[in-house]
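What the coordinates show
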Amino acid sequence: MNTSADPASRNRPEGRMNGGRALAEMLRLSEVGPMFGMGGFQLLPFYDALGQLGMRHFLINDERCGAFAADAYARVTNKPGICDGTLGPGATNLVTGLVESLNGCIPVVAIAGDTNRGHSWKNMTQECRQTEILKPAVKELIRVEQTSRIPELTRRAFAVATSGRPGPVLLDVPEDVCHGAHDFIAEDFAIDPTTLAIPARRIRPDRGDIDRAARLIVGAKRPLLLVGGGIHLSQGYAALLAFAEAQAIPVAHTMSGKGGIACTHPLSVGLFGRYARIANELIEASDCLIVVGCKLGEIATKRYALPPAHIPLIHLEIVAEEIGRCHPAEVALWGDARAGLEDLAEALSDNAGRTRTARADYVAEIPRRMAAWEEEASPRLNSRDRPIHMARLCRELNRALPADAILVADGGFAGHWTGLLYDTKRPGRHFIPDRGFASIGYGLPGGIGAAMAAPGTPVVSLTGDGGFNMMIGELETARRAGLGLTIVVVNNAASGYVKALQHAMMGGRYQSADLSEMDYAAVARAMGVGGIRVEDPEQLGAALAQGMAERDRPTVLDVVVTRDPGQMLPAVDNRTLEIKQGDRVA
């Protein structure tokens, strides 16, 4: 095999090579980051090629964790994350992580080994109908039927993963295709550089629709921006900030949209939906809502009770069929979030000065409302209770984490508390919750992916004890990778969210919600990593600082939090809360 030295050809290879080498060469040309997986016979030539090419691949202990790590890597870098699984159980273990990326609109390229086609459906070891299982878990499943087509179909995988609404793509590679050989020419190994990060393609809303939206906005006295995760996919931070400031429009966000503007910005009104500070009140009083890159799903709308039907709504969304799915739109803006915000700003620029003056009193309400919320929440935020109150933990995270830090939040308990109370200090993906599928167990492997994506940046992963129990084996992965990752285990000896809901709905009858009391710091130390047990809220700041200072190995902070199920839900003291069957207010 010959390799061209011409920089213009990007060092494209040529000659006879097996399918695994061709796949590895395409990933090399695509400038992928670390890959995560667990090998098997079907993909051995691929693994061998990665080693020969000096590419970074990390053995993980469960393929689901590899998919989660790839997802988090993609969220931080906006480049497709790469994961793999071998035939059968390796491939099916990818499903949960891939659905997270599918629902969360995250670009991932996953590779699954498959049976030798000469013996398929003859009860081969680990054989199953894996393409049928995986197909609904991805944006597109690409079956590679010929070794010669590996470069072409890998190229398509990147194009699909990064275009429109991003998502995961699965390359299903039969054993004989991966092990088989073909005489490639250099021209086979082409890659479109515009498809190597999101957004690969931008589309602008129709000009007539922009003008209709502008007329609604200019006439509004109390407009409000509702921002979802699409702002990150579009990298629309500067456009959002410029538009909000020029038009004096406050910004509320979903959990995925946190960081569209800094949470500390005067126009930020925080989370809206199931849990909120002041945003829900502002939604109710608004006369024009501008929804940006948000699907208006269950949590963002308090199970579709928000926003009120009488308020005109402008919906800017990259996927046309999402507009109107959950709430009718007065004006539909089909297009990229950044491009749409830029076009709206331009259409409204002539009146910006007069508009800011007219909305001065409206904007002045925000700090007063926030101060009132802060005063009401102060007993929880500053609690000295032992076990530790979750709100106090969130406040200490706000104090300890620098502006460039990344907080990865697991599903359920950890994600909801930090979604409400953690404040990003600059625009960008500095808060990563797994809201696509909200799967428990994302915290540790997600932290691994984020730490690899941003070396030198403090990364803190927040997970419940239940989620940590699921993924504890990945501490070994983090140790082997030498990651200075801080893992905060919210230790309440329970499946906290479920127990809190049972408390509110079932009159305190708890079933299958309790866990054993564990010293996770001691477990961590036994696994050769740092372990700090924190039972006093006054020690949280020092423990977080110690964890973030350790740069060569992970540190587990075992934080003992409240065991009272009446204090386990964010923003609610549910010791007297009653939830009727079928309701979902928490």
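Residues numbered from 1 in each chain as written. Predicted model: local features only at pLDDT ≥ 70, side-chain atom pairs only at ≥ 80, totals over all residues. Heavy atoms only, no water.

On to the environment of A339, then. Looking at the secondary structure, you find A339 in helix 13 (residues 337-348). Other than its neighbours up to four places away in sequence, A339 contacts I203 and R204. (Helix = DSSP H or I, 4+ residues; strand = E, 2+ residues; numbered from the N terminus. Contact = heavy atoms within 4.5 Å.)

Turning our attention to the packing of aromatic side chains. Taken as a whole and assessed by the stated rule, the structure comprises six aromatic pairs. Aromatic side chains F184 and F189 sit 5.4 Å apart centroid to centroid with 55° between the ring planes, which places their arrangement in the tilted category. Exposure remark for F189: the relative accessible area of 1% places this residue in the buried category. Taken together, a centroid distance of 6.2 Å and an interplanar angle of 35° make the contact between Y422 and F431 tilted. Taking the relative accessible area as the measure of exposure, Y422 reaches 2% and is therefore buried. Stacked on the ring of F431, the Lys or Arg K258 has its end atom at 5.5 Å from the ring centre. (Phe/Tyr/Trp six-rings, centres within 6.5 Å; stacked < 30°, edge-to-face > 60°. Buried < 20%, exposed > 50% of the residue type's maximum accessible area, 1.4 Å probe, protein only. Lys NZ or Arg CZ within 6 Å of the ring centre and 35° of its normal.)

A word on the sheet that holds strand 10 (residues 223-227). Taken in spatial order, the six strands of this open sheet run 12-11-10-13-14-15, and their pairing is parallel. The open sheet terminates on both sides in strands that have one partner only, identified here as strand 12 (268-271) and strand 15 (331-334). Going across the sheet, the axis of each strand differs from the next one's by a mean of 15°, ignoring polarity. In this sheet, strand 14 (residues 313-317) lies alongside strand 13 (residues 288-292) in parallel orientation, the contact comprising four bridges. Bridge pairing in strand 14 links V292 to L316. Of the strands in this sheet, strand 13, strand 14 and strand 15 are in contact with helix 9 (residues 207-218), which crosses strand 15 at around 130°. (Pairing = 2+ DSSP bridges. Axes fitted to C-alpha atoms, helices over the stretch in contact; angles between N-to-C directions.)

With that settled, consider the packing of helix 1 (residues 19-29) against helix 7 (residues 150-162). Two numbers describe how helix 1 lies on helix 7: the axes approach to 9 Å, and their chain directions differ by 40°. Judged by the sense of rotation from one axis to the other, the crossing of helix 1 with helix 7 is right-handed. In this structure, helix 1 contributes G19, A22, L23, M26 and L27 to the contact, and helix 7 contributes I150, P151, T154, R155 and F158. Residue composition of the contact of helix 1 with helix 7, grouped by class: seven nonpolar, two polar and one charged. (Left-handed = near helix turned anticlockwise from the far one by under 90°. Nonpolar A, V, L, I, M, F, W, Y, C, P; charged D, E, K, R; others polar.)

This brings us to unusual backbone geometry. For the bond running from I198 to P199, omega is -5°, close enough to zero to count as cis. Structurally, P199 can be placed in the loop between strand 9 (181-184) and helix 9. In this structure, P387 follows R386 across a cis peptide bond, with omega equal to 0°. Mapped onto the elements, P387 comes out in the loop between helix 15 (360-381) and helix 16 (390-400). For S512, which is not glycine, the phi dihedral falls at a positive 55°. Tracing the chain through its elements places S512 in the loop between helix 21 (496-505) and helix 22 (520-526). Given a relative accessible area of 67%, S512 falls into the exposed group.

Below, the discussion takes up helix 9. With twelve residues, helix 9 extends 16 Å from end C-alpha to end C-alpha; this agrees with the ideal 16 Å at 1.5 Å per step. Those residues of helix 9 that fall on the buried side of the exposure criterion are I210, A213, A214 and I217. For helix 9, the angular spread of the buried residues around the axis is 105°, confining them to a single face. A distance of 2.9 Å separates the backbone nitrogen of G208 from a side-chain oxygen at the start of helix 9, and that oxygen is part of D206. (Expected span 1.5 Å × (residues − 1). Arc of directions from axis to C-beta. Polar contact = N/O pair within 3.5 Å; in protein donor to acceptor, adjacent residues only side chain to side chain.)

Where helix 2 (residues 44-53) is concerned, the buried positions are P45, F46, A49 and L50. For helix 2, the angular spread of buried residues about the axis comes to 140°, placing them on one side. What points out from helix 2, more than 90 degrees from its buried face, is the exposed set G51 and Q52. Among the residues trailing helix 2, G54 stands out with phi positive, at a value near 70°.

With six of six residues buried, strand 21 (residues 555-560) is to be regarded as a mostly interior element. Neither face of strand 21 is open: one carries T555, L557 and V559, the other V556, D558 and V560, and all of them are buried. One ladder, built from five bridges, connects strand 20 (residues 530-534) with strand 21; its direction is parallel. Bridge pairing in strand 21 places G531 opposite V556. The handedness of the strand 20 to strand 21 crossover, carried by helix 23 (residues 540-549), is right-handed. (Right-handed = clockwise from strand over helix to strand, strands pointing away.)

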